[in-house]
Amino acid sequence: MKAIVLFSGGLDSILACCVLQRQGVEVIGLNMITPFHDCSRDAAKRAKELGIELVTLEFGEEYMAMLAKPKWGYGSNVNPCIDCRTLMLRYAAKLMEERGADFVATGEIAGQRPNSQKIHQLTLISRDSGLNGKLVRPLSARILPKTDPELSGQLDREQLRAFSGRGRTKLAAYARQEFGVKQIPQPSSGCVLCENSYAPRVRDMLKHKELPTLWDAKILPWGRRLRLDPTAFVVVGRRAEDCDALDELFASPKRSRCVLVYPDNYNGASALLVTDEAPEYGDENPTISDKLAQYIETAGSLALRFSNPDRYRVAKPNGPQGRLFIGATKMIIPLKENPEVDSIPIIQEQEKKAKPKRRPEESEEAAE
Ligand code: SF4
């Protein structure tokens, strides 16, 4: 008997594998990299320790389409967990077919996560992924409806577990006692879609672009994001690595339309202006409309706003200049200070919400 197990390298997925292996199931781990979460290194390390094969796959543009319009909405931030899990499981279902496996399993525990692991949500995920009875959650199986491998007698339900709720102490004890797991993995830092500091940028992207691309997601972590109007925003580097990343993003053939303003005769921040007014990638004779010229001037002023004035004010002989990369060409342009750009707000971190006090039932450890 063979199973594909969604495998992050965390405690739950390790235990799901162990519980199945104990029943003689051959396990193949599947690790999915999303544009916002990559735990493939941890997963590879843990898979090696467990002695299982690991397949790592990366989502393409379909992840962004899902993020833009998740059927089941978002969790506490911009995390579309139910749809995200469903998409992962569709990949797992495909791998199951390709590898001639009998079923798919996950380390999900009923009630562990408020946004995707309530029992009715687990049922939705089984249905929407198309796996239905072929999806087994070995750690909570005994409190969930019977799955195909249990009904057919391939899996002994009594040897599956009945964990539920949050908390890790009982799970960790079970892992140590039953399977001799010595190093219990720390809970992962998780995906940035759940982070207060990240969500405003994602919301800004979703609000202004109907169908964002992977490129639009790749630009989110870098620098300061400043929105000029609904059709244009500028990212200004905060550190050298931001500026390197902006360079790289500009060089990508899959980029959204943008132009790059790079300091030419002084050391300072570069600015990437993203707008549909910008020319296509590789355009050798780009046209600069009046509107685009205005945006470029503002982007240049923003680059100065976040650069050290002592450096650019001494730039000789013509004052600070920028190298403008536009389409497939490059030109030198003067950069002008403009106090009006000080009022363009940076899309900021959300204030941290005070942690709600846990109700007693929420602080219970996973109970079996
Ligand atoms: S936390 Fe992120 S990676 Fe995990 S299910 Fe939710 S959206 Fe997907």
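Up top is the structure.
Parameters at a glance
Residues numbered from 1 in each chain as written. Predicted model: local features only at pLDDT ≥ 70, side-chain atom pairs only at ≥ 80, totals over all residues. Heavy atoms only, no water. Buried < 20%, exposed > 50% of the residue type's maximum accessible area, 1.4 Å probe, protein only. Helix = DSSP H or I, 4+ residues; strand = E, 2+ residues; numbered from the N terminus. Pairing = 2+ DSSP bridges. Core = buried A, V, L, I, M, F, W, Y, C linked by side-chain atoms within 4.5 Å. Domains from an automatic or database assignment. Salt bridge = Lys/Arg side-chain N within 4 Å of Asp/Glu carboxyl O.

**Student:** Please clarify how the pairing of strand β9 (residues 271-275) should be interpreted in this entry.
**Tutor:** For a regular strand, side-chain orientation follows a simple rule: the groups alternate between the two sheet faces. With five of five residues buried, β9 is to be regarded as a mostly interior element. Taking every second residue as pointing to the same face, both faces of β9 are buried, with Ala 271, Leu 273 and Thr 275 on one and Leu 272 and Val 274 on the other. Pairing of strand β7 (residues 232-236) with β9 involves five bridges; the strand directions are antiparallel. The residue of β9 that forms the bridge with Val 234 is Leu 273. When strand β8 (residues 258-263) meets β9, the two strands line up antiparallel, connected through four bridges. From the neighbouring strand, Cys 258 faces β9, where its bridge partner is Val 274.

**Student:** Could you clarify how one ought to interpret the nonpolar core in this entry?
**Tutor:** Of all hydrophobic cores here, the largest spans 39 residues; its most connected members are Ile 4, Phe 36 and Val 202. For this core, the elements supplying multiple residues, two or more each, are β1 (2-6), β2 (26-33), α3 (61-68), α4 (81-99), α8 (199-208) and α9 (214-218). The biggest single contributor to this core is α4, with nine residues. Structurally, this core is a two-domain feature, drawing no fewer than three residues from each of domain 1 (2-191) and domain 2 (196-343). Leu 20, Ile 109, Leu 155 and Val 181 belong to the second-largest nonpolar core, a separate cluster that totals 31 residues.

**Student:** In this structure, what is going on with the pattern of salt bridges? I would like to understand it.
**Tutor:** In a structure, side chains of opposite charge can pair up when their charged atoms sit close to one another. One pass over the structure, following the stated rule, counts 18 salt bridges. Arg 22 is the partner of Glu 178 in a salt bridge, and the nearest nitrogen-oxygen pair spans 2.7 Å. Of the two residues, Glu 178 is situated in helix α7 (residues 169-179) and Arg 22 in helix α1 (residues 11-22); the sequence distance between them amounts to 156 residues. Since its relative accessible area comes to 37%, Glu 178 is described here as partly exposed.

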